[in-house]
Amino acid sequence: MRIAPQASEIINRDKSVTFTFEGKKYNGFEGDTITSALLANGVKILGRSFKYHRPRSVSSFANHDMNVIVDDVSGQYFIPNIRADVTKVKDGMKLKAVNTFGGVEKDKASILGRFSKFLPVGFYYKAFHTKALFPMWEKMFRTMTGLGNVDFKTPKIKTSKDYGFCDCLVVGAGVSGLSAALAAAENGLDVVLIDENPQIGGSINYTNIPNDLIERAKAANIRIFTDCYAAGYYADNWVALVHKTHMTKMRAKTLIVASGAFEQPPVFRNNDLPNIMLAGAFLRLLKLYSVKTINDAVFLVANDYGYEAAKTAIDYGINIKAIVDLRSGDELPLLNDFIAKNIPIYSGSCIYEAESGKDKNVIGVKIHEFNDGLAGALKAEIACDGVVMATGFAPALNLLYQANTKMRFDDARSQFIPDVLPNSVFSCGKLNGNYTYETRAIDGEIAGINAVNFVKNSKIKLPKSLPETQKPNHPWAIVEHEKGKTFVDFDEDLQLKDFKNAVQEGFDNIELLKRYTTNGMGPSQGKHSNMNGLRVLARLTNKTPFEVGTTTARPFYHPVPMKHLGGRGFSPNRVTPLHSRHGDLNAIFMLAGNWQRPEYYARVGVTRQNAINAEVMAVHENVGIIDVGTLGKLEVIGPDAAEFLERVYISKYKGLKTGMARYGVACDETGVVVDDGIIARLAEDHFYFTTTTSGAATIYRELSRLNMIWGLDCGIVNHTGSFGAINLAGPNSKKILGKFTDLDLDDFPFMGYREAFVAGVKCRIIRAGFVGELGYEIHAPALEVHKVWDAFINDGATPFGVEAQRVLRLQKGHIIIGQDTDGLSTPYNAGVDWAVRMDKPFFIGQRSLKIINSKPQKQVLAGFVLPKDYEGAPPQECHLIIHEGEIAGRITSITKSPKLGQIIGLCHIKPELAQIGHEIKIRFSDGTFVAANIAQTPFYDPENLNQKGVA
Amino acid sequence: MISPLSFENITTTEFAKEGLIIKDISNAEKFGIKGKGAEEFLKSQGVKLPEKYNTAIIDNDKIIMRLGISEYLLEGVGVSRFYDLPKPTQAYQVLRQDCCLLLEGEAIYKILSQSCAIDFVKANAKDLPLFLTSMVGVGVTILLSEEAGLPKVRIYCDPTYGAYLFKTLLEIGGDL
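Residues numbered from 1 in each chain as written. Chains lettered and ligands numbered in written order. Predicted model: local features only at pLDDT ≥ 70, side-chain atom pairs only at ≥ 80, totals over all residues. Heavy atoms only, no water.

Is there a simple way to explain the overall build of chain A in this structure?
From N to C terminus, chain A includes 24 helices and 47 strands. Along the three orthogonal principal directions, the C-alpha set of chain A runs to about 115 × 70 × 60 Å. Residues classed as buried in chain A amount to 59% of the 951 residues present. If you take every contact in chain A between residues at least 6 apart in sequence, the share linking residues at least 24 apart comes to 65%. If you sum the accessible surface of chain A, you get close to 39300 Å²; carbon and sulfur atoms cover 52% of it. The distance from the centre of the 108 positive side-chain charges to the centre of the 101 negative ones in chain A is 2 Å. (Helix = DSSP H or I, 4+ residues; strand = E, 2+ residues; numbered from the N terminus. Buried < 20%, exposed > 50% of the residue type's maximum accessible area, 1.4 Å probe, protein only. Contact = heavy atoms within 4.5 Å. Areas by Shrake-Rupley, 256 points an atom, 1.4 Å probe, with all protein chains shown as cover. Lys, Arg positive; Asp, Glu negative; His and termini not counted. Charge placed at Lys NZ, Arg CZ, Asp CG, Glu CD.)

The structure is reproduced here in structure tokens:
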């Protein structure tokens, strides 16, 4: 129920919102979370548990409440897995609890609870033994498991991401975080302070701590982000900040982690019933949302915080039926206030079990003696309608773990504490074991000044720290019960006995235990269960918690919406200077690496294949033109230019005549082919060379690196983007080129290089023959190359695309690096051994190639053909070649040549099977085979008469 | 207009909204040179050079950007004539056909923060700092300056990335 307005509440009662939950209409106020609004309306069951479908309600109410997860089905597409404890309710929302069969009130799957005996941890590993039954199990489990439903109609939502910078990032705006931020800002740092809650202040907002930290922080020069959490820590203080609408990648000079601690639920039978909640949830509901769900309360406590919560309950008129304290004797605080009010206090006691009524809500508890972690005799049975628990915390160390902080286990405080922090990272507050206001405030100030000293290299004196007097964490708030339902992990319905079974089965290491039991692998990622799981394992294996250790904390800290991660999805793509020309010619574009290239040029009434065939035949019979501007285009200039190339490429270039070009293959140190291209000599000290389309940036970077190491007298220039390039090819290419240039084409030999004006543009021309016909590769400045293209097109040259080029080059047996080669291809098994020149002092990969060449090859590149009368579907690239039942090779390139009238291809194959004419068996994906024969390459014009222009 | 942006038939070359202008200014003449002899060549042509690398100077409507210890990019009327002049040893000219986008206005910091991992806010625009960095996945050179108290950046990139960069910045700018 909603109580009267109060100063501490953060709801706006002037603005009401209407929403539905499970089909029923409810009202709430602006500022309400879904959970607070439902509870204010008296809704008892807010969700169902993952495995046994037990009724659940609010538990932690702290951004990781595993019990209340809903789908919003109100929009065009629904939003799954909303955390109701922190998501603000909005007008018009239509909400549905996740993971129910027939609704949250009468979930039919709750019958699974009766079979829990047959569903211990790891039961699915055992159930899947029979292979034949696997499909049945899979179908059943896929139906039964999972939380919200993903709506596959959801469009891609482009969400901005931004980069942020600051001197000091403070994560957590509670007492210590505020103190740290103030200390840092007041000493001149640019401070960013974030908090996952909608307001700063942390527990200041719902406890009775009198201080002015919030107002001071608001007034200071601090950038404050609320509703924002640090999802992950990365190298050099790079922290992913997740806001409601987007993600910020924050680079901080220093990081102060003041992320506080998670309240930990004590374990006893039926500790998951609705209206059994942690003290923080109880206080936040009461003070921030003015929601009271308990009238007759039992408090289960083991620290001062529990008594503070009990005092608040009294202030709000809640009838405290009993306070059950796990501790006894000297550990107890002064209890005069409660004794004076005749509130029964059961020290050295525990709740042995809770009972539920018809409405599934808790209706009473059994209080037993509690000695040395074991329940003893029954002390009392007390009726109540709610249980408030405060027996301990687990520090939120996730970010610090990700930052490689070394931890120690503090026995007095029974918690892990940062021991050795990375340079420039600081922690404070509850993380350091400080729980009282004074100790947290001082600890925060120390962290803030440490940050200042780090950034400014100053020596500001640190205030003196205060000793912590509280012992906030009970070392064993766990009570075993013979009938089970003692939940350790609420996400996965893991009970105490599940841990025992796992350890008995040998999973006695914290990482193994986690994976076998799935402890901490649910939506809350162990925030409420890892510490108890660790304690259970420690006790079962007779180890200390420190010896057991923690599991690895990886990003992300909280669930992060996929749209935040995806951001805008930057996907750089490049277009050549002729891109618009291709569009005008109806090009169908494809991505080649990150380049948009014409696959082919569509023609009305012509199929794709026929269009490609026509382009191929145009090159063979007349003249074709292709945009090869994607090639890498580099220059090396200087007295040592030739020497440089001799070291990089496997062939020789010192003797290359000016005005001539030569094929070049580059290897890495292991002798593997990494790139190829044509190298032209412009002058004695000046070379211009191409690289593969995808290799330009990498090769330029590598060559620049090598040039620095070698210190040769030459410079490397990358002209890839500054030059466009065209390949004009076909028997009539010389004729058409002659129309637009004064260059003497009769004095232009194969593999010659010339500079001349073409269509009024100063061009670089190489007479090369990649596509197997008389051809000219014409390079021109990017902003002018269209003039050359237009001249040829207007004179009748047929544009051809990448697909036609692939056919043409395959006919010639020309390889494509990366397609016909792989990470093991050397010049010797890639068919370019003829280019290797071992008779020079050095080239990269030379030493490896010497070794490789002294050993038998395991694979070679060979050509093959299918019979001309073969009419079946062609094999595809990567189809395997099988010999005597074993894999003997694979296809690297294959196509049907319209010129030759048959299917041709290249394959990697064992050398003993690569004899010309040898029959090979190619296996299709469906397991059938087709026969082919090894053939000599080039398949077309083996004498190269056409490309030399002498045919 | 022939420009790297027209590589993809982009018809809009200027975008404006409150506090933000994005313009294609690729057509300005450019000249690039690198190597140990670059400084000697430029000085012989009377070009003033920035003393610090990764900074620029503006001299009579010409922008002289020092991209590294011995690499320069010049922009302005008449600079392309340097291509035809003989160069001293160890001076290697670089054909610059860069795409250049100009961003002006108070909102540019928001665009930059969404596209580039550099803290431009803390940079001193009066120093004309140059940043050789990556923006939305593209290698770029960014020149930060200010005019009448308003920030301004020129973003240079390989022209083949120009259309992508322009469209991406327009998308971000449009969503602000």
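Past the structure itself, the notes keep going.
Sorry, what's going on with a nonpolar patch on the surface here?
All names here are of chain A. Residues I111, F115 and F118 make up a contiguous nonpolar surface patch of roughly 330 Å² in combined accessible area. Here I111 is to be found in the loop between β7 (94-97) and α2 (123-127). Accessibility expressed as a relative area gives 42% for I111, which makes it partly exposed. (Patch = residues over 30% accessible without salt bridge, like charges linked within 9 Å, V, L, I, M, F, W, Y side chains within 5 Å. Salt bridge = Lys/Arg side-chain N within 4 Å of Asp/Glu carboxyl O.)

Explain the nonpolar core to me, please; I cannot follow it from the model alone.
Side chains of nonpolar character tend, in soluble globular proteins, to be buried together. Residue and element names in this part refer to chain A. Membership of the largest hydrophobic core comes to 69 residues, with the highest contact counts inside it found for L169, V365 and V387. Looking at this core, the element that brings in the most residues is helix α13 (residues 530-540), giving 5 residues. When residues no more than four places from it in sequence are discounted, the contact partners of L169 are V192, I194, V239, L241, M250, A252, T254, L255 and I256. Within the second largest apolar cluster, 56 residues are counted, among which are V89, M93, L286 and Y307. (Core = buried A, V, L, I, M, F, W, Y, C linked by side-chain atoms within 4.5 Å.)

Hey, could you run me through the interface of chain A and chain B in this one?
A common way to express how large an interface is: the accessible area buried when the components associate. Tallying the contact residues gives 40 residues for chain A and 36 residues for chain B. Buried area between chain A and chain B, both sides added, is near 3100 Å², and the carbon and sulfur share of it is 56%. When the buried area of chain A at its contact with chain B is split by residue, R568, F570 and L783 of chain A rank highest and sum to 20% of it. For the interface between chain A and chain B, the tally reads 5 salt bridges. With a closest N to O distance of 2.9 Å, R568 of chain A and D175 of chain B form a salt bridge. Here chain A is connected to chain B by 19 residue pairs in polar contact (both at pLDDT 80 or more). Split by residue class, the side of chain A that touches chain B holds 17 nonpolar, 14 polar and 9 charged. (Buried area = accessible area lost by both parts, 1.4 Å probe. Polar contact = N/O pair within 3.5 Å; in protein donor to acceptor, adjacent residues only side chain to side chain. Nonpolar A, V, L, I, M, F, W, Y, C, P; charged D, E, K, R; others polar.)

What's the story with the packing of helix α6 (residues 279-288) of chain A against helix α7 (residues 304-315) of chain A in this structure? I'm lost.
Pairs of packed helices are described in terms of their axes, by the angle between the two and the distance that separates them. Residue and element names in this part refer to chain A. Look at α6 against α7: their axes get within 10 Å of each other, and the N-to-C directions meet at 30°. Taken together, the axes of α6 and α7 lie roughly parallel to each other. With respect to the hand of their crossing, α6 and α7 are arranged in left-handed fashion. Of α7, the residues touching α6 (which contributes A279, G280, F282, L283, L286 and K287) are Y305, A309, T312 and A313. Grouping the constituent residues of the contact of α6 with α7 by class yields 7 nonpolar, 2 polar and 1 charged. (Axes fitted to C-alpha atoms, helices over the stretch in contact; angles between N-to-C directions. Parallel < 35°, antiparallel > 145°, perpendicular 65-115°, else oblique. Left-handed = near helix turned anticlockwise from the far one by under 90°.)

Would you take a moment to explain α6 of chain A for this structure?
Helical geometry: 3.6 residues make up each α-helical turn, so side chains three or four residues apart lie on a common side. All names here are of chain A. With 10 of 10 residues buried, α6 lies mostly within the body of the structure. Every buried residue of α6 is accounted for by A279, G280, A281, F282, L283, R284, L285, L286, K287 and L288. For α6, the elements touching its buried residues are α1 (34-40), β14 (261-263), β15 (276-278), β16 (296-301), α7 and β22 (386-390). In the stretch just after α6, S290 is the one whose phi turns positive, near 55°.

Even after reading the chapter, I still don't get the pattern of salt bridges, so can you show me in this structure?
Once their charged atoms are close, side chains differing in charge can pair, the charge on each being opposite to the other. This model, assessed by the stated rule, comprises 51 salt bridges over all chains. Close ionic contact of R705 of chain A with E702 of chain A constitutes a salt bridge, the shortest N to O distance being 2.9 Å. Taken together, the positions of R705 of chain A and E702 of chain A, both in helix α19 (residues 696-710) and 3 residues apart, correspond to about one turn of that helix. K152 of chain B is paired through a salt bridge with E104 of chain B; the nearest N and O atoms lie 3.6 Å apart. With K152 of chain B in strand β11 (residues 150-157) and E104 of chain B in strand β8 (residues 99-104), the pair connects residues that are 48 residues apart, well separated along the chain. Each member of the pair K152 of chain B and E104 of chain B is classed as buried.

Explain the environment of I588 of chain A here, please?
Residue and element names in this part refer to chain A. Mapped onto the fold, I588 is located in strand β29 (residues 587-592). Exposure remark for I588: the relative accessible area of 33% places this residue in the partly exposed category. I588 has contacts with R597, P598, E599, Y600 and A602, leaving out every residue within four places of it along the chain.

Mind showing me how you'd approach the sheet that holds strand β3 (residues 30-34) of chain B here?
What holds strands together in a sheet is hydrogen bonding between their backbones, with the strands either parallel or antiparallel. Residue and element names in this part refer to chain B. Across the sheet, which stays open at both edges, the 5 strands sit in the order β4-β5-β6-β3-β7 with antiparallel pairing between neighbours. Each edge of the open sheet carries a strand with a single partner, namely β4 (55-59) and β7 (92-94). When the angles between neighbouring strand axes are averaged without regard to direction, this sheet yields 20°. (Pairing = 2+ DSSP bridges.)

Please explain the sheet that holds strand β37 (residues 723-729) of chain A as it appears in this structure.
Residues and elements named next belong to chain A. The mixed open sheet is built from 6 strands, whose spatial order is β38-β39-β40-β37-β31-β41. Two strands lie at the open edges of the sheet, namely β38 (753-758) and β41 (798-799), each paired on one side alone. Taken together, the 7 bridges between β37 and strand β40 (residues 775-781) define a ladder with antiparallel strand orientation. Of the residues in β40, the one forming a bridge with N727 is E777.

Hey, could you run me through the packing of aromatic side chains in this one?
Geometry of an aromatic ring pair is reported as the spacing of the ring centres plus the angle between the planes. Residues and elements named next belong to chain A. Applying the stated rule across the entire model yields 24 aromatic pairs over all chains. Each ring, one from F61 and one from Y289, has its centre 5.5 Å from the other, and the planes form 75°; the classification is edge-to-face. Residue F61 is located in the loop between β4 (55-56) and β5 (69-72), and its partner Y289 is located in the loop between α6 and β16; the two are separated by 228 residues in the primary sequence. Across the pair, Y289 and F61 agree in class, each one buried. (Phe/Tyr/Trp six-rings, centres within 6.5 Å; stacked < 30°, edge-to-face > 60°.)

Please explain the pairing of strand β47 (residues 929-935) of chain A as it appears in this structure.
Working note: regular strand, side chains alternate between the two faces of the sheet. All names here are of chain A. Examined bridge by bridge, strand β42 (residues 860-865) and β47 share 3 bridges and lie antiparallel to one another. By the bridge assignment, V865 is partnered in β47 with N933. Relative to β47, strand β46 (residues 919-923) runs antiparallel, the two being bridged by 5 bridges. When the bridges of β47 are listed, E919 appears paired with N933. In sequence, β46 turns back onto β47 through a hairpin of 5 residues, with G927 there showing a positive phi of about 95°.

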